[in-house]
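# Working through the structure, step by step
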Amino acid sequence: QVRLVESGGGLVQPGGSLRLSCVVSGSIYSINAMGWYRQRPGKGRELVAASNSGGTLKYADSVKGRFTISGDNAKNTFYLQMDSLKAEDTAVYYCNADITVRQGYSGDDYWGQGTQVTVSS
């Protein structure tokens, strides 16, 4: 059974940094795409950053230049480095991945459980 487990959230002061991690566990064939989403209080879920197997990166305008998505294939783990955090970055952050569990099969969409990030002085 494939699971995505996030960690690294917490309370940080404005201007600070956090690094979120998302570990993919279970038997898989490939991670085709990965992404981070967030849901701010009273808002819908929004894309923060994404990367596909071809290396194409996409960032929300609000985080460009401050957040960086990366991955470690050997560890089946991907990250979101968040710098220069602002109060408006406060949200529950979710990792997402399109994963093929067996060669020759199409990918399926998986989500983590979410991790709270609070930016406050």
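Scroll up to find the structure.
Residues numbered from 1 in each chain as written. Predicted model: local features only at pLDDT ≥ 70, side-chain atom pairs only at ≥ 80, totals over all residues. Heavy atoms only, no water.

### Concerning unusual backbone geometry
Selection rule: Strands are runs of DSSP state E lasting at least two residues, helices are runs of H or I lasting at least four, and both sets are numbered from the N terminus onward.
For Asn 76, which is not glycine, the phi dihedral falls at a positive 50°. Checked against the element boundaries, Asn 76 lands in the loop between strand E7 (67-72) and strand E8 (77-82). We note that Ser 84 has phi near 50°; this positive angle belongs to a residue other than glycine. Secondary-structure assignment places Ser 84 in the loop between E8 and strand E9 (91-100).

### Examining the sheet that holds E7
Operational definition: Strands pair, by our definition, only if DSSP identifies at least two bridges between them. To define axes, lines are fitted to C-alpha atoms, for helices over the stretch in contact only, and angles between the resulting N-to-C directions are given on a 0 to 180 degree scale.
Pairing is antiparallel in the open sheet, where four strands are placed in the order E1-E3-E8-E7. Where the open sheet ends on each side, the last strands, each with one partner, are strand E1 (3-7) and E7. The sheet shows a mean angle of 15° between the axes of neighbouring strands, direction not considered. Note that E1 and strand E3 (residues 18-25) share five bridges and pair antiparallel. In the strand pairing of E3, Glu 6 is matched with Cys 22.

### A word on the environment of Lys 58
We count it as follows: For each residue, the accessible area found with a 1.4 Å probe, counting protein chains only, is set against the maximum for its type, and the residue is called buried under 20%, exposed over 50%, and partly exposed in between. By the convention used here, residues are in contact when the closest approach between their heavy atoms is within 4.5 Å.
Of note, Lys 58 is situated in strand E6 (residues 57-59). When its relative accessible area of 52% is taken as the criterion, Lys 58 is described as exposed. As a C-alpha pair, Lys 58 and Tyr 105 span 47 residues in sequence and 26 Å in three-dimensional space. Excluding its chain neighbours within four sequence positions, the residues that come into contact with Lys 58 are Leu 47, Val 48, Ala 49 and Ala 50.

### Quick look at the pattern of salt bridges
As a reminder of what qualifies: Take a side-chain nitrogen of Lys or Arg and a carboxyl oxygen of Asp or Glu: if they are within 4 Å of each other, that pair is a salt bridge.
One pass over the full model with this rule turns up five salt bridges. Among the ionic pairs, Arg 40 bridges to Glu 46, the shortest N-O distance being 3.0 Å.

### Digging into the environment of Gly 107
Summarising the element assignment, Gly 107 is placed in the loop between E9 and strand E10 (108-111). A residue is classified by how much of its surface remains accessible, and Gly 107, at 28% relative accessible area, is partly exposed. Placed 77 residues apart in sequence, Gly 107 and Ser 30 show a C-alpha to C-alpha distance of 8.5 Å. Those residues within four positions of Gly 107 in sequence are excluded, and the remaining contacts are Asn 32, Asp 98, Ile 99 and Thr 100.

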